[in-house]
Amino acid sequence: AIMSQDRYALIVVDSATALYRTDYSGRGELSERQMHLAQFLRQLTRLAEEFGVAVFMTNQVVANPDGMSFAKDSTKPIGGNI
C-alpha cells in the first residue's frame, strides 16, 4: 500500500542473505531456504516492474581460504547460489 501512495525510485536491500542464514541452518533446510529466497527475489522483481523502481542489493562475502592466489578473487558469496 505504501508504494501506491508515494513515488519511490529506489529499493535498497542490504545483506540480502543475512536473515536466511540465521533462519535456515544446515543442508537439511537448503532447499526450503533457496525457494524462500527465490520468492523474495521474484517479489522484488514484481515491485520493480509494477512501480518502475530500481532495486539495489548487497550481499555478504567471506574469504575463501582455498583461494589464496593473488591471480583470482578469494571471496565468495555467503548463502550460496540460487
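Higher on the page you've got the structure.
To keep things clear, this report deals only with the structure shown in the data block. (Residues numbered from 1 in each chain as written. Predicted model: local features only at pLDDT ≥ 70, side-chain atom pairs only at ≥ 80, totals over all residues. Heavy atoms only, no water.)

1. A few points about the side chain of threonine 17
Item 1. Position of threonine 17 among the secondary structure elements: in the loop between β1 (10-13) and α2 (18-23).
Item 2. A distance of 2.7 Å separates the side chain of threonine 17 from the side chain of asparagine 59, its partner in a polar contact. (Helix = DSSP H or I, 4+ residues; strand = E, 2+ residues; numbered from the N terminus. Polar contact = N/O pair within 3.5 Å; in protein donor to acceptor, adjacent residues only side chain to side chain.)

2. Some remarks on unusual backbone geometry
Item 1. Unusually for a residue other than glycine, serine 15 sits at a positive phi of about 55°.
Item 2. Looking at the element boundaries, serine 15 is found in the loop between β1 and α2.
Item 3. The exposure class assigned to serine 15 is partly exposed, which follows from its relative accessible area of 24%. (Buried < 20%, exposed > 50% of the residue type's maximum accessible area, 1.4 Å probe, protein only.)

3. Remarks on helix α3 (residues 30-51)
Along an α-helix, residues three or four apart share an orientation, since each turn contains 3.6 residues.
Item 1. Taking 1.5 Å of rise per residue, 22 residues should cover 32 Å, and α3 covers 32 Å from first to last C-alpha, within 8% of that figure.
Item 2. Those residues of α3 lying buried are Arg33, Gln34, Leu37 and Leu44. The buried residues of α3 occupy one face: seen down the axis, they fall within an arc of 95°. Counted as exposed and oriented over 90 degrees from the buried face of α3: Ser31, Met35, Arg46, Glu49 and Glu50.
Item 3. Against the buried residues of α3 lie β1, α2 and β2 (54-57).
Item 4. Once α3 ends, the next one or two residues include glycine 52, with phi positive near 65°. (Expected span 1.5 Å × (residues − 1). Arc of directions from axis to C-beta. Contact = heavy atoms within 4.5 Å.)

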